[in-house]
Amino acid sequence: MSTSHFIHSLFRPEVLALSAYHVANASGFIKLDAMENPYTWPQSLTDQWLARLTHCQLNRYPDPQAQQLSSALKLRNQLPESVDILLGNGSDEIIQLLLMALPPNSHVLSTTPSFVMYKQISDSLGLHYHGVALREDNFDLDLPAMLNAIEQHRPAIIFLAYPNNPTGNLFDVTAIERIIEVAHGLVIIDEAYEPFANNASFMHKVMHKVLVMRTVSKLGLAGLRLGYLVGDTEIITQLHKIRLPYNINVLTQASVQFALDNHAIFDAQTKAICVERTALYDALNALSGICAYKSAANFILFKAPQEEAGRIFESLKSQGILIKNMSPQGGLLRDCLRVTVGTPEENQAFLNALKIALNDSLRG
């Protein structure tokens, strides 16, 4: 039997049909493709962090519940006693845990476009995923279509990214509340970009079927891979049963705890990113042929001239700038590119390169 036939005899069709999540090689580029915080730590803070890590016992397993870090996150988010928190190795693990808990043949609902891992993980588990297209005029929820899909499929889980990735906008609150009202299962509000959203949040509305998911990645801690889910204590208890033990390592626990103790520096970086976001948005819309969309996140989606997104993306790469080409996904993202808000210097380098790319596109 050939290896190919052997593999096809072992793995589920859903897995064989998937494509691996692609991460571009960013070596040598100004990296504006992954919604990371572009700022590093001051050396004095780095020295304090390294000193803290010397107390980590690498020969011992980490606290399986990460109790100290969980308490710090509860305090930071001012969570009431009626809710609990689940930590994951990034938000991806939390999404996976939620979907693993569902019965076979369950239905999962989100929007199109949205965070790709909702569909990727659903498909890998053989669940029935449904993406409801956003409104073409403003990327907001198509409430009648969402309500129809909820009635038709009765999804066990609905994912709503708030702000949405990759469009960057905040969905209408009234529409979200209506979806929560009619939902038959859980509604997960994914607030990965909450630090940049001017306090827009559903954290105060966590209840028996509403859970809020966040991450520390966008604050400047992407390398630590820590996400967390806030929800009703009884629901979180069930999810802990399938969470693998020791999923948050000792270095991550200590490092995030240290960052929370020094949150002022990250708050200042977030404000700087928001200022740069406004300047970048205005500069993009001042360019002929470019339409940038308002964002409540740390990135901006913009539309390029028709059929030119790929050429502009490659031109930027040739100039050492790496952003994200969204156009191959089609639909509402056709001709669209997404750029992370960087430092003032990185943003200016991107804009300079984009002007060259646009000029080359006009000549071509």
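A brief report on the enclosed structure follows. (Residues numbered from 1 in each chain as written. Predicted model: local features only at pLDDT ≥ 70, side-chain atom pairs only at ≥ 80, totals over all residues. Heavy atoms only, no water.)

On to the sheet that holds strand E13 (residues 336-340). If you trace the four strands from one edge of the open sheet to the other, you get E9-E10-E13-E12, paired in antiparallel fashion. Each edge of the sheet is formed by a strand with only one pairing partner; in this case those strands are strand E9 (291-292) and strand E12 (324-325). Each of E9, strand E10 (299-303) and E13 touches helix H11 (residues 263-285); the most contacted strand, E10, lies at about 10 degrees to it. (Pairing = 2+ DSSP bridges. Helix = DSSP H or I, 4+ residues; strand = E, 2+ residues; numbered from the N terminus. Contact = heavy atoms within 4.5 Å. Axes fitted to C-alpha atoms, helices over the stretch in contact; angles between N-to-C directions.)

Working note: regular strand, side chains alternate between the two faces of the sheet. In terms of burial, strand E6 (residues 186-190) is largely enclosed, as five of its five residues are buried. Side chains Leu 186, Ile 188 and Asp 190 of E6 all project onto a buried face; the interleaved residues Val 187 and Ile 189 project onto the opposite face, where all are buried too. Taken together, the five bridges between strand E5 (residues 157-161) and E6 define a ladder with parallel strand orientation. Bridge pairing in E6 links Leu 160 to Ile 189. Two strands pair when backbone bridges link them, and E6 and strand E7 (residues 210-215) are joined in this way by four bridges, in the parallel orientation. Looking at E7, one finds that Ile 188 is bridged to Leu 211. (Buried < 20%, exposed > 50% of the residue type's maximum accessible area, 1.4 Å probe, protein only.)

Topologically, Tyr 228 is positioned in strand E8 (residues 227-232). Along the chain, Tyr 228 and Leu 73 lie 155 residues apart, while their C-alpha atoms are 8.9 Å from each other. Within polar-contact distance, the side chain of Tyr 228 engages the side chain of Asn 77 at 3.2 Å. (Polar contact = N/O pair within 3.5 Å; in protein donor to acceptor, adjacent residues only side chain to side chain.)

This part covers the packing of helix H3 (residues 43-53) against helix H10 (residues 250-261). Two elements in contact, H3 and H10, have axes whose closest approach is 10 Å; the angle formed by their N-to-C orientations is 140 degrees. By the angle between their axes, H3 is oblique relative to H10. Every pair of crossing elements has a handedness; the one defined by H3 and H10 is right-handed. Residue-level inspection shows Leu 45, Gln 48, Trp 49, Arg 52 and Leu 53 of H3 in contact with H10, the latter providing Leu 251, Ala 254, Ser 255, Gln 257, Phe 258 and Asp 261. Residue classes in the contact of H3 with H10 are distributed as six nonpolar, three polar and two charged. (Parallel < 35°, antiparallel > 145°, perpendicular 65-115°, else oblique. Left-handed = near helix turned anticlockwise from the far one by under 90°. Nonpolar A, V, L, I, M, F, W, Y, C, P; charged D, E, K, R; others polar.)

A few words now on the packing of helix H7 (residues 143-153) against helix H8 (residues 173-182). Relative placement of two packed helices is described by the angle separating their axes and the distance separating the axes. It is the contact of H7 with H8, at a shortest axis distance of 10 Å, that shows an interaxial angle of 15 degrees. In terms of orientation, H7 lies roughly parallel with respect to H8. Relative to H8, the crossing made by H7 is right-handed. For the pair H7 and H8, contact is made by Leu 143, Met 146, Leu 147 and Ile 150 and by Ala 175, Arg 178, Ile 179 and Val 182, respectively. Of the residues assigned to the contact of H7 with H8, the class counts are seven nonpolar, no polar and one charged.

Here we come to the pattern of salt bridges. Under the defined criterion, the tally for this structure stands at 14 salt bridges. The shortest N-O distance in the salt bridge between Asp 92 and Arg 225 comes to 3.4 Å. Pair noted here: Asp 92 is in helix H5 (residues 90-100) and Arg 225 is in the loop between E7 and E8, with a separation of 133 residues, a long-range link. Here Arg 225 falls in the partly exposed class, since its relative accessible area comes to 32%. (Salt bridge = Lys/Arg side-chain N within 4 Å of Asp/Glu carboxyl O.)

Ranked by internal contacts, the top residues of the largest apolar core, which has 54 residues, are Leu 87, Leu 141, Leu 160, Ile 176 and Ile 189. Ignoring any residue separated from it by four or fewer positions in sequence, one finds Ile 189 in contact with Leu 160, Tyr 162, Ile 176, Phe 202, Val 210, Leu 211, Val 212 and Met 213. In terms of nonpolar packing, the next biggest core, distinct from the first, is built from 34 residues, Ile 290, Leu 316, Ile 323 and Phe 350 among them. (Core = buried A, V, L, I, M, F, W, Y, C linked by side-chain atoms within 4.5 Å.)

To continue, consider the packing of aromatic side chains. One pass over the full model with this rule turns up 10 aromatic pairs. Plain terms: the ring middles of Phe 139 and Tyr 293 are 4.9 Å apart, the flat faces sit at 70 degrees to each other, and that makes the pair edge-to-face. On the criterion of sequence distance, the pair formed by Phe 139 in the loop between strand E4 (128-133) and H7 and Tyr 293 in the loop between E9 and E10 is long-range, its members being 154 residues apart. Relative to Phe 202, the ring of Tyr 162 has its centre 5.2 Å away and its plane inclined at 80 degrees; by these criteria the two rings are edge-to-face. Of this pair, Tyr 162 sits in the loop between E5 and H8 while Phe 202 sits in the loop between E6 and E7; the two residues are 40 residues apart in sequence, bridging distant segments of the chain. Comparing Tyr 162 with Phe 202, the two get one shared label, buried. Within the aromatic cluster, the residues linked to one another by ring pairs are Trp 41, Trp 49, Phe 258 and Phe 266. Arg 338 extends its terminal NZ or CZ atom over the ring of Phe 299, reaching a point 5.8 Å from the ring centre. (Phe/Tyr/Trp six-rings, centres within 6.5 Å; stacked < 30°, edge-to-face > 60°. Lys NZ or Arg CZ within 6 Å of the ring centre and 35° of its normal.)

A rise of 1.5 Å per residue sets the reference length of H11, with its 23 residues, at 33 Å; its end C-alpha atoms lie 33 Å apart and thus fit the reference within 8%. Those residues of H11 lying buried are Phe 266, Gln 269, Thr 270, Ile 273, Cys 274, Glu 276, Arg 277, Leu 280, Tyr 281 and Leu 284. (Expected span 1.5 Å × (residues − 1).)

Another aspect to go through is the side chain of Asn 347. Structurally, Asn 347 is set in helix H13 (residues 344-363). If we skip the residues at most four places from it in the chain, Asn 347 touches Glu 276, Leu 280, Thr 340, Val 341 and Gly 342.

With six of six residues buried, E7 lies mostly within the body of the structure. A two-sided burial pattern is seen for E7, the buried positions comprising Val 210, Val 212 and Arg 214 on one face and Leu 211, Met 213 and Thr 215 on the other. Here E7 runs beside E8; their pairing, made up of four bridges, is antiparallel. Bridged to Met 213 within E8 is Leu 229.

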